[in-house]
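This is what each chain is made of:
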Amino acid sequence: MKRPHEDDDDIDDEEDEMSKLRQSKKFSAHANTYGRAQAKEVHQQKQQQQPEPMDEEEQLRAFFPSDFGKKYETIDKDAVIEKTKKEGVSNKVLVGPARPSSSSSSSSSTTAAQIPQKPEHEQEGFVGPPRPAPRSSSSNDDDDDNDDSDDDDDDNIPSGYLQEVQLPVTHEIELSGYSKAVNALGIDPAGARLATGGSDGFVKLWDFAGMDSSLRCFRDIEPCPGHQIKSLQYSNTGDRILVASGSAQAKIIDRDAFELAEFVKGDQYLADMGNTKGHVSAISNAMWHPLENDKILTSSIDGTMRLWDVKDTKKHKSILRAKNTRGTRTGVVFGMISPDAKFIAAACQDGSLQIWQGKGPYSKANIIVREAHEPTSSISCLSFSADGLHLVSRGCDDTLKVWDTRNFKTPIKVVSNLPNHFEQTDVIFSPDEDFIITGTSAKKGSEGGSLVFFDRHSLEPVKQLGMGGASVVRVTWNKSINQIFVGCSDGKTRVLYDPAMSKRGALLCVAKRPRKSDPSDDLIRRPIHVPNALEMFEDQPTGKRKREKDRKDPIKSKRPDLPTHGPGYGRLEGSYTTHLIKQIGVLKPVRDEDPREAILKYAQIADEEPAYFSAYKSTQPKPIFQE
């Protein structure tokens, strides 16, 4: 006889084995009692684990799908970002006016003990390097009377104080697409799009929000065929891009690379550059005015810098001439306006620095430093601080110099042994201006170029990053997304970032799945022709219809122009003189008369008084007509 619980589906395999043993004659009554109790206990546990019964709404919902569409495999974003991490690179550096001595271990330990430890909530929330420690009340009182000193920036940090800051350099992605060096970089203020220009003359636009992990540009154009790109810069509003190439004409394109304006070229046969409407030689650099959205500055090898209004591209508004020691013109390699628009600086081919007041007049440079760098080498880049008090110059003589705009006689600090083989090598300030950043070129027998970070206060290198054996040409640091963009000589643009400090930018595309290829993408797109639409398949007109059509054509029939109404009506006068003669009555309006009537009105006079046959009038016989 079977027990009731044997028909239950919830009894596990162990209970089935016990039921088989109970059917055996060798199974004792004691064992049968033990097995029955154990099976009952297991069955009770199963009933307790069963879920509560669902109501009608939940049962109905179980019949419908929970989601729609195709399910894709999820991507571990953190794992993908971890693959872009640079090995052996730390983002922590020490900044301050006094650096620990590398030769003495005791001084290093003493300085390290003075580094304050920040709370964790302050280290996680910030973007970019933190600002230096605030000055004490005593230092504020002492600095009120020393505004003209060269150590104003060093007073922000107490003596002997070092601060630990972080740089967004732990991770890196590469944007490829050029066969030659990347000579120009431009990032819009929001950090959403990047524009790159190469020596091959092409401009590529990159959209981080629309780009996937394949890292491909969405637009590739050649704005000035045959000329390499020298500089690219987004406008203050980010809706336009200023393009400077090796030609004498700068261009403005929109965010989608469509041309908006092209500035005029000057007359190269005029000796006085002030009489030309534009540049006559290659443009070396171009930039937007920092305070006026519709004003730009261009510099050229023809020895001039010109201020333009983008609404009038036919002629420059102002011209600034750079001259050498002999009073003749010298080429301007780099020109820029200070962030506060108080100064306009020019870096010349003869190694000189020439500065004008931002408001003018521009007839002559107000400050000239003839031997700012070696006369045989040019200056590749200039960079003003935000307050306009300091200027950094990068020369092709392998040096970097910091100048005080209030005293241009000698540089404040000089750094040498920085190889530079490119005329576009950048030098910039960090967004908080605690660092000065530049690149070095690769030398024979060396590991390659590098990106060097200098402490602004001591001008000592605090970080040096290699770029895979390539030379560093262009550098820019976007404040909005806290990422560093580096253009290199191998045709790659490297984006440095830190997932903990950076936002958007490279983080949007590095872990995005690329679009799967569609078989239809490989098909050759050919035009589709409808047979009846081709001329060869059209019905040929008959001869009669063709003749009628040609007769109506005034050109093929060679028909003269017909008057609109009546003989000669509605036609235009031959000239203004004819019109006047006709109005005063000297010239009779013969055009409005019928020629036949005009001749027949003289028939009676011709019969009575013939002009040519009057001698034969009496001898002429009379005509007799047959009746």
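About the cut-offs
- Residues numbered from 1 in each chain as written.
- Predicted model: local features only at pLDDT ≥ 70, side-chain atom pairs only at ≥ 80, totals over all residues.
- Heavy atoms only, no water.
- Helix = DSSP H or I, 4+ residues; strand = E, 2+ residues; numbered from the N terminus.
- Buried < 20%, exposed > 50% of the residue type's maximum accessible area, 1.4 Å probe, protein only.
- Polar contact = N/O pair within 3.5 Å; in protein donor to acceptor, adjacent residues only side chain to side chain.
- Pairing = 2+ DSSP bridges.
- Axes fitted to C-alpha atoms, helices over the stretch in contact; angles between N-to-C directions.
- Contact = heavy atoms within 4.5 Å.
- Salt bridge = Lys/Arg side-chain N within 4 Å of Asp/Glu carboxyl O.
- pLDDT = per-residue confidence, 0-100.

A.B. asks: I tried to follow the overall build of the protein on my own but got confused; where do I start?
C.D. replies: From N to C terminus, the protein includes 12 helices and 30 strands. Expressed as a percentage of the 627 residues in the protein, the buried residues total 40%.

A.B. asks: Looking at this model, I keep getting lost on the side chain of Asn 478. Mind explaining?
C.D. replies: With respect to the helices and strands, the residue Asn 478 is situated in strand 28 (residues 472-478). Under the relative-accessibility criterion, Asn 478 is labelled buried at 6%. At a separation of 3.0 Å, a polar atom in the side chain of Asn 478 contacts the main-chain amide nitrogen of Ser 480.

A.B. asks: Before we go on, may I ask you to explain the sheet that holds strand 6 (residues 203-207) in this structure?
C.D. replies: What links the strands of a sheet is backbone hydrogen bonding, and the strands pair in either a parallel or an antiparallel sense. The strand order across the open sheet formed by four strands is 4-5-6-7, and the pairing between neighbours is antiparallel. Whereas interior strands pair on both sides, the edge strands pair on one side only; in this sheet they are strand 4 (182-187) and strand 7 (219-221). Neighbour to neighbour, the strand axes of the sheet diverge by 15 degrees on average, direction disregarded. Taken together, the three bridges between strand 6 and strand 7 define a ladder with antiparallel strand orientation.

A.B. asks: Please clarify how the environment of Phe 408 should be interpreted in this entry.
C.D. replies: Of note, Phe 408 is situated in the loop between strand 22 (400-404) and strand 23 (413-415). Among the residues examined, Phe 408 registers a relative accessible area of 8% and is labelled buried. Expressed as a C-alpha distance, the spacing of Phe 408 and Ala 372, which sit 36 residues apart in the sequence, is 9.3 Å. Residue contacts for Phe 408: discarding those within four places in its chain leaves Leu 353, Ile 355, Ile 367, Val 369, Leu 391 and Trp 403.

A.B. asks: I keep staring at the environment of Lys 342 and nothing clicks. Help me out?
C.D. replies: Tracing the backbone shows Lys 342 in the loop between strand 16 (332-337) and strand 17 (343-348). Not counting the four nearest positions on each side in its chain, Lys 342 is found in contact with Trp 356, Gln 357 and Gly 358.

A.B. asks: Explain the pattern of salt bridges here, please?
C.D. replies: Side-chain pairing between opposite charges can occur once the charged atoms of the two side chains come close. Summed over all chains, the structure comprises 20 salt bridges. In this structure, the salt-bridge partner of Asp 490 is Arg 494, at a minimum N-O distance of 3.0 Å. Judged by relative accessible area, Asp 490 falls into the partly exposed class, the value being 30%. As a salt-bridge pair, Lys 556 and Asp 550 come within 3.5 Å of each other at their nearest N and O atoms. By relative accessible area, which is 55% here, Lys 556 ends up exposed. The structure contains a network of salt bridges with shared partners spanning Lys 86, Glu 172, Glu 174, Asp 490, Lys 492 and Arg 494.

A.B. asks: Explain the confidence of the model for the protein here, please?
C.D. replies: When pLDDT drops low, the exact placement of atoms in the prediction is not to be read closely. Per-residue confidence for the protein gives a mean pLDDT of 78, with 73% of residues at or over 70. Element-level pLDDT for the protein is lowest in helix 5 (residues 105-113), with a mean of 31, against a maximum mean of 95 in strand 29 (residues 483-488). Confidence drops under pLDDT 50 across residues 25-34; counting only partners more than four residues distant or on other chains, this segment forms five contacts. Low pLDDT (under 50) marks residues 98-159, which in the prediction has 76 contacts with non-local residues, meaning those over four places away or in another chain.

A.B. asks: Quick question: what am I supposed to make of the side chain of Ser 247 here?
C.D. replies: Tracing the backbone shows Ser 247 in the loop between strand 9 (240-245) and strand 10 (251-254). Here the side chain of Ser 247 touches Ser 245 through a polar contact of 3.0 Å, side chain to side chain. When near neighbours in sequence (up to four residues on either side) are disregarded, Ser 247 contacts Cys 224, His 227, Ser 281, Ala 282 and Ile 283.

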